[in-house]
Amino acid sequence: MVLGNSSEVPSAASDISPVTLSSDWSRVARLLLVVGLAVVGSIGNVYMISAVMIEDYLKRRGNAFIVNIALADLLITGVVMPASAVVILAGLQDSPLVCQCQWFLAILCWLVTVLSLAAAAAESYVRLCLSPESYAILTTRNITATILLIWIACLAADVIQFIYDLGPDYCRRRFSGVVHFQATVAFVFVAIPALLTSTFYIRILLQLLKARKHPGFKPPVQFSWDYSLMKTNMYSFLLFFFCWLPFGVILGVKSIQDISPRTFYNLAWLALSKSCINSLLYCIANRHFRVAYNNLFHYCCCKTTVAFSRRPRADGTRPTGDVRVHIIPGYNMYSYTSPQRTRDASSGGKRSGGMSRSNRTNGRDVYEL
């Protein structure tokens, strides 16, 4: 896109900026809103990525697509929103250069999220509905190559759009692009992935509904966990389109008739807010993410307790605490609901490494990592 200056912004939009929001709000209120969204969203996305790394059940190669979605959201909450906070702190009403960079990253993350959601739906379908031999095709190498291909394809489409000014101008609210190029991008990067994602989820639900009608249907615990994660991914897909679809419709309508600047930019920030609440959705809808978030919270907020528990005592005894955590290299953290925890419980809790439980004379339990 061609960078413009503030004088090119329509006069009707002078009361609201794509970077610093509405001037009807005080500067402090806008700063608190943007910083709050950035902090909450960034922490949530970091927790979401870390949860896949520390929780036994979530450490599966197919969940790399969930991590990819969280990485795209982290670009929004860790770069796009803080940039607005910096402009507000600088006392500027608008910054065309910052706006163009924000729009570039927003489109890139939007395209990456759409394709990653489709890939996550396909992985769930193969895991739940096909044979283990079919799922074995999804090797770590294949999944990594798919993720890299997603980023390369989305980045190429985004760069072409900006270099040749082929897309709608978010910062100046102008649509001067090539209709054929925009239609092609929308069809390849939005329509087809959305259709495939919906098809995969519908087929999973229909097959499960058919299986439940069988009198002897009794799914194992592992299947129930996989199905719960699939539903969480489906809710994330619905949340994404709930936040982004209104803005997408406005972009299409803007090409044929004028739209209120306030409506245009408010819907744009509604779309960006998806990146702040997606991690909360996973925490609410999936217990494995909840347990991992809880472990991460206690680890981040109770470092003094952890450090104290690692210091040797002269008398060889330990303080009387309900829970004691020891950190070993690798920071392996396991939850009660993980498959490894289930195996430990069935074998009497004997294992090498990981977290073990022992009974003490005072009736309190010790958990060690």
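Scoring rules and cut-offs
- Residues numbered from 1 in each chain as written.
- Predicted model: local features only at pLDDT ≥ 70, side-chain atom pairs only at ≥ 80, totals over all residues.
- Heavy atoms only, no water.
- Helix = DSSP H or I, 4+ residues; strand = E, 2+ residues; numbered from the N terminus.
- Buried < 20%, exposed > 50% of the residue type's maximum accessible area, 1.4 Å probe, protein only.
- Areas by Shrake-Rupley, 256 points an atom, 1.4 Å probe, with all protein chains shown as cover.
- Phe/Tyr/Trp six-rings, centres within 6.5 Å; stacked < 30°, edge-to-face > 60°.
- Disulfide = S-S within 2.5 Å.

K.L.:
Report on the overall build of the protein, specifying residues and quantitative values.
P.N.:
Within the protein, the secondary structure is distributed over 11 helices and six strands. Across the 369 residues of the protein, 45% fall into the buried class. Accessible surface computed for the protein: about 18,800 Å², of which carbon and sulfur atoms make up 67%.

K.L.:
I'd love a proper account of the packing of aromatic side chains, names of residues and values included.
P.N.:
One pass over the structure, following the stated rule, counts 15 aromatic pairs. Considering the side-chain rings of phenylalanine 247 and phenylalanine 264, the 5.5 Å spacing of their centres and the 55° angle between planes classify their relative orientation as tilted. With phenylalanine 247 in helix H7 (residues 221-254) and phenylalanine 264 in helix H8 (residues 261-285), the pair connects residues that are 17 residues apart, well separated along the chain. Taking the centre distance of 6.2 Å and the plane angle of 85° together, the rings of phenylalanine 289 and tyrosine 293 count as edge-to-face.

K.L.:
A description of the state of the cysteines should follow, citing residues and the corresponding values.
P.N.:
Scanning the model with the defined rule gives one disulfide in all. Sulfur-sulfur distance for the disulfide between cysteine 99 and cysteine 171 comes to 2.0 Å. Residues cysteine 99 and cysteine 171 are joined through a disulfide that is left-handed, its torsion about the S-S bond being -110°. A residue pair is termed long-range when its members are at least 10 positions apart, and cysteine 99 in helix H3 (residues 96-129) and cysteine 171 in the loop between strand E3 (168-169) and strand E4 (174-175) qualify at 72 residues. Each member of the pair, cysteine 99 as well as cysteine 171, is classed as buried. Take cysteine 101: it sits in no disulfide, and the sulfur closest to it among the cysteines is that of cysteine 171, at 9.1 Å. When its relative accessible area of 44% is taken as the criterion, cysteine 101 is described as partly exposed.

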